[in-house]
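Here is what each chain is made of, one letter per residue.
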Amino acid sequence: MLEIRNLHAQVGDKEILKGIDLTINDGEIHALMGTNGAGKSTLSNVIVGNPNYEVTKGSIIFNGQDLLSMNTEERAHAGIFMSFQAPIEIPGVSMTNFMRAAVNARREAQGKEPLKSTDFLKMMREKRKLVEIDQKLMNRSVNEGFSGGERKRNEIFQMAMLNPTFCILDETDSGLDVDALRIVAEGFNKLRTPGTSALVITHYQRLLDYIRPHFVHVLIDGKIVKTGGPDLAQKIENNGFDWIKEGLMNA
Amino acid sequence: MMKSEKQYIEFYQEASSIIKERSCPVMNAVRDAAFRQFESSGFPTRKVERYRYTDVDTVFAPNYGISLTPITITPSPFIFHLKDAPINVSPYYNRVANTKDSITALNTMLSHDALLIYVPPYTKVESPIAIDNWLRGKEDTMMNRRFLIILDKGAEATIIISDRMAPPSQAIDHHLSEASPLLEKSEKRKYLTTQVIEVCCHDNAHLDLYEIEETTSLCSRFSNVYIKVGRDSSVRHNSITLFNGLTRNLCDVYLTDTNSQVTLNGCAIGSANQHIDNNTLIHHQAPCCQSNQLYKYVVDDQSVGAFAGKILVEKGAQQTTSQETNANLCASSEARVYTQPMLEIYADDVKCAHGSTVGVMDESALFYMRQRGIPEAEARTLLKNAFMGQVINSIQYEPLRQKLYVKVEKRFRGELDKCEDCRLCK
Ligand SMILES: Nc1ncnc2c1ncn2[C@@H]1O[C@H](COP(=O)(O)OP(=O)(O)OP(=O)(O)O)[C@@H](O)[C@H]1O
Ligand SMILES: [Mg+2]
């Protein structure tokens, strides 16, 4: 599904990603862990095409397509979704209008007619139940006055509406209380089809108890320095990153 | 003196007798004085404080051909030709308007017909009074429109004045046939309009006044609105520039007695080379009055938006509350915004605030929407719409508010001038 080769990226003059190689096959869940500032969110932003990040070297192939030659919305239409680490507010744009525009843009890209208003509202209702998000929040502007946890829940609600095939969860667990984490994670699992893949960025094991990764990668200073199975996450939870860093220095 | 006023002076010297013949005594009584005023002062240069942002001379220089056709009025118990006024209008006509302003002077000397809206005491007009200024004709034209609006004691009304192109029947022609000569032609014609609206709102009267411009990039409009408010009254004026060429709106308000309120709201949308200049002056002359102003602009491409608004609190106007806000969204790097909120206070017990902001498109919001698959152009439209929402939300008359939601959105999509399902407009 996703093939990242020797990816280098920078913000301004500062190189942040220093040669990333990562392959994610259909149906695989990959966890990405690493120290603060290592470049995890940068990698996510580069995958979805945030114009603030400049790719200087390397390639990303998504289902055979050259992702780097596509703009942000084309990548979204191809099935890529990112749950933002810090979702922003968009005052004055209602959740409903925002979702309608997103859903219909996706449909248009697929050559489908826009959804009828009644069908759209029905879909909103159904998906809302999945992540147990309050109807009241839907009457507000996008994320306006939402608590930290509500914003994260709203991200997964949007994912439910858009049916992506590749999801990036950038610290979706942070800010969620214990119950909310379970609801959101279970919601995510319900949405998954056998072909759905995900890159799950987290600092904690608890999210991975719900969303079981096939692989765990450790990103430090712009490079993936270690890859392992699910037990690697538990080891990091217990011991931190120092042992990995030490291993790097000794090598 | 500049040359552009010459043709108007000469026109008046030749045609004043015809104008007077077609007009009525109340209007003629002040005509020559207005002419002398115009003749001596000419058009304002950009050095004149209230004309800093609009170049009058260039607009008035061409010869448009001055229209002397009478106004056709929609039958209504509240609308009259001034000459048929049911009351004595001489205490009102050209009283609150100020002919020291050259545009007002020019309008006073050239307008031969005026429209009166009179609402008798304690009358509540249920459905809005709608006035449509259709711009049409096969030739370039200069029009001088004049309105007098009087709300007598305890009267209430909603008035909607619209500037628009060609009547709906032609739009249907456009829909049905490839040849619609009238619409085609009027869209290609240059129109110059001067307009003076005088409003007199007596005690305990309530007026909701809307002005909506939806013309073409070849239209120039100079509109001066003068509002005099009595005691315990309220006036709301909404100025909405949906589509235009060059527009200069002036609004002067006189709060002459206690306990009244005035709200001036403006929505200005510019693209291409459009120019929108709103200039307001609120005279707080009496105690315990309130004024609120909210003008929002979205300027794109190379368009220009200007706002200058002054709140003048006179000596006796204690316990004045006044708020003035001008917020601008610059959607392109070539668009320009000039903003100048001003406060002049001669009383000590007042609460006044004014402020202005100029912002650009929120890049992170754009990115967020695009990540969800919303194309960039659509995302921009949503943000512009959101920005303008506040002004449209403030519209009291519900059906108009709903209509404007749709129109504003269409405007941002660049679809305002397209008829629905029209082959020609595709
Ligand atoms: N827009 C930006 N402008 C300047 N520096 C940036 C920008 N985005 C990221 N950086 C820098 O790049 C580095 C990597 O940031 P990134 O957000 O990718 O880290 P992260 O691994 O997601 O960290 P965290 O675990 O704290 O979320 C940091 O040093 C950060 O300050
Ligand atoms: Mg991060």
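What counts and what doesn't
Residues numbered from 1 in each chain as written. Chains lettered and ligands numbered in written order. Predicted model: local features only at pLDDT ≥ 70, side-chain atom pairs only at ≥ 80, totals over all residues. Heavy atoms only, no water. Donors = N, O, S within 2.8 Å, 3.2 Å for Na, K, Ca; no water. Helix = DSSP H or I, 4+ residues; strand = E, 2+ residues; numbered from the N terminus. Buried < 20%, exposed > 50% of the residue type's maximum accessible area, 1.4 Å probe, protein only. Pairing = 2+ DSSP bridges. Axes fitted to C-alpha atoms, helices over the stretch in contact; angles between N-to-C directions. Contact = heavy atoms within 4.5 Å. Expected span 1.5 Å × (residues − 1). Near = heavy atom within 4 Å. Polar contact = N/O pair within 3.5 Å; in protein donor to acceptor, adjacent residues only side chain to side chain. Areas by Shrake-Rupley, 256 points an atom, 1.4 Å probe, with all protein chains shown as cover. 1 Å grid on protein atoms, 1.4 Å probe; cavity = no way out; pocket = protein on both sides within 12 Å on 5 of 7 lines; lining within 4 Å. Points joined across faces, edges and corners; volume = space filled by probe spheres on them. Nonpolar A, V, L, I, M, F, W, Y, C, P; charged D, E, K, R; others polar. Salt bridge = Lys/Arg side-chain N within 4 Å of Asp/Glu carboxyl O. Buried area = accessible area lost by both parts, 1.4 Å probe.

(A) Just the coordination of the magnesium ion (ligand 2), in detail. All names here are of chain A. Surrounding the magnesium ion (ligand 2) are the protein donor atoms Ser-41 (OG) and Gln-85 (OE1), which sit 2.0 to 2.1 Å from the metal. Highlighted residues: Ser-41 in helix H1 (residues 40-48) and Gln-85 in the loop between strand S6 (80-83) and strand S7 (90-94), separated in sequence by 44 residues. Take Gln-85: its relative accessible area is 33%, and that puts it in the partly exposed class.

(B) Looking closely at the sheet that holds strand S9 (residues 166-170) of chain A. Residue and element names in this part refer to chain A. If you walk across this open sheet you meet the 6 strands as S6-S9-S10-S3-S11-S12, and the pairing is mixed. Each edge of the open sheet carries a strand with a single partner, namely S6 and strand S12 (223-228). On average, adjacent strands in this sheet sit at an angle of 20° to one another, irrespective of strand direction. Bridge count between S6 and S9: 4 bridges; the pairing is parallel. Looking across to S9, one finds that Ser-83 is bridged to Leu-169. Of the strands in this sheet, strand S3 (29-34), strand S11 (215-220) and S12 are in contact with helix H9 (residues 231-239), which crosses S11 at around 45°.

(C) Layout of helix H9 (residues 398-413) of chain B. Residues and elements named next belong to chain B. The first and last C-alpha atoms of H9 sit 23 Å apart over 16 residues, in line with the 22 Å expected at 1.5 Å per residue. Tucked into the core, H9 has its buried residues touching strand S5 (156-165), strand S7 (206-214), strand S9 (234-243), strand S11 (261-270), strand S13 (290-299) and helix H8 (376-393). Of the residues trailing H9, Gly-414 is marked for its positive phi of about 75°.

(D) How the structure looks around the site of ligand 1. Residues and elements named next belong to chain A. Taken together, 15 residues sit near ligand 1, with Gly-37, Gly-39, Lys-40, Ser-41 and Thr-42 positioned nearest. Glu-171 places a side-chain nitrogen or oxygen 3.2 Å from an oxygen atom of ligand 1. For ligand 1, whose unbound accessible area comes to 630 Å², protein coverage reaches 65%. Those elements that provide at least two residues to the shell around ligand 1 are strand S2 (14-24) and H1. When residues in the shell around ligand 1 are grouped by element, the largest group, 3 residues, is from H1.

(E) Summary view of the environment of Leu-312 of chain B. Residue and element names in this part refer to chain B. Residue placement: Leu-312 occurs in strand S14 (residues 304-313). Judged by its relative accessible area of 14%, Leu-312 falls in the buried class. If sequence neighbours within four positions are ignored, Leu-312 has contacts with Leu-281, Ile-282, His-283, His-284, Glu-344 and Tyr-346.

(F) Representation of empty space enclosed by the protein in the model. All names here are of chain A. Under the criterion given, the structure shown has 3 cavities of 30 Å³ or more. Roughly 70 Å³ of internal volume is contained in the largest cavity. Residue lining of the largest cavity: Met-159, Ala-160, Asn-163, Pro-164, Cys-167, Phe-188, Leu-191, Arg-192 and Thr-196, and that is the complete set. Listing elements by their share of the lining of the largest cavity, those giving two or more residues are helix H6 (148-162) and helix H7 (178-191). Class assignment for the residues of the lining of the largest cavity results in 6 nonpolar, 2 polar and 1 charged. Its volume calculated, the second largest cavity comes out at about 50 Å³. Going through the elements one at a time, helix H2 (72-77) and S6 are the ones with two or more residues in the lining of the second largest cavity.

(G) Quick peek at the sheet that holds S11 of chain B. Residues and elements named next belong to chain B. An order of S3-S5-S7-S9-S11-S13-S15-S17 is seen for the 8 strands of this open sheet, with the pairing classed as parallel. Among the strands making up the open sheet, the edge pair consists of strand S3 (129-135) and strand S17 (350-360). Strand-to-strand, the axes of this sheet are offset by a mean angle of 5°, without reference to chain direction. Sheet contacts for H8: S11, S13 and strand S15 (320-330); angle to S13, the most-contacted strand, approximately 160°.

(H) Representation of the pattern of salt bridges within the structure. Residues and elements named next belong to chain B. A full pass over the atoms with the stated rule returns 30 salt bridges over all chains. Here Glu-10 makes a salt bridge to Lys-6, at a shortest N to O gap of 3.7 Å. Taken together, the residues span about one helical turn, with Glu-10 and Lys-6 both in helix H1 (residues 6-22) at a distance of 4 residues. On the basis of relative accessible area, Lys-6 is assigned to the exposed category, the value being 52%. For Asp-277, the salt bridge goes to Arg-248, with nearest N and O atoms at 3.8 Å. Placement of the pair is Asp-277 in strand S12 (residues 275-284) and Arg-248 in strand S10 (residues 246-255), with a sequence separation of 29 residues. Here Asp-277 falls in the buried class, since its relative accessible area comes to 1%.

(I) Broad picture of the interface of chain A and chain B. On the chain B side, the residues contacting the 29 residues of chain A number 16 residues. Of the roughly 1,800 Å² buried where chain A meets chain B, counting both sides, 69% is carbon and sulfur surface. By the criterion of area lost to chain B, the three top residues of chain A are Glu-73, Phe-84 and Ile-88 of chain A, representing 27% of everything that side buries. With a shortest N-O distance of 2.5 Å, Glu-155 of chain A and Arg-372 of chain B are connected by a salt bridge. The interface formed by chain A and chain B holds 11 residue pairs in polar contact (both at pLDDT 80 or more) in total. Every element with two or more residues in the side of chain A that touches chain B is listed here: H1, H2, S6, S7, helix H3 (95-109) and H6 of chain A. Residues that form the side of chain A that touches chain B fall into these classes: 18 nonpolar, 9 polar and 2 charged.

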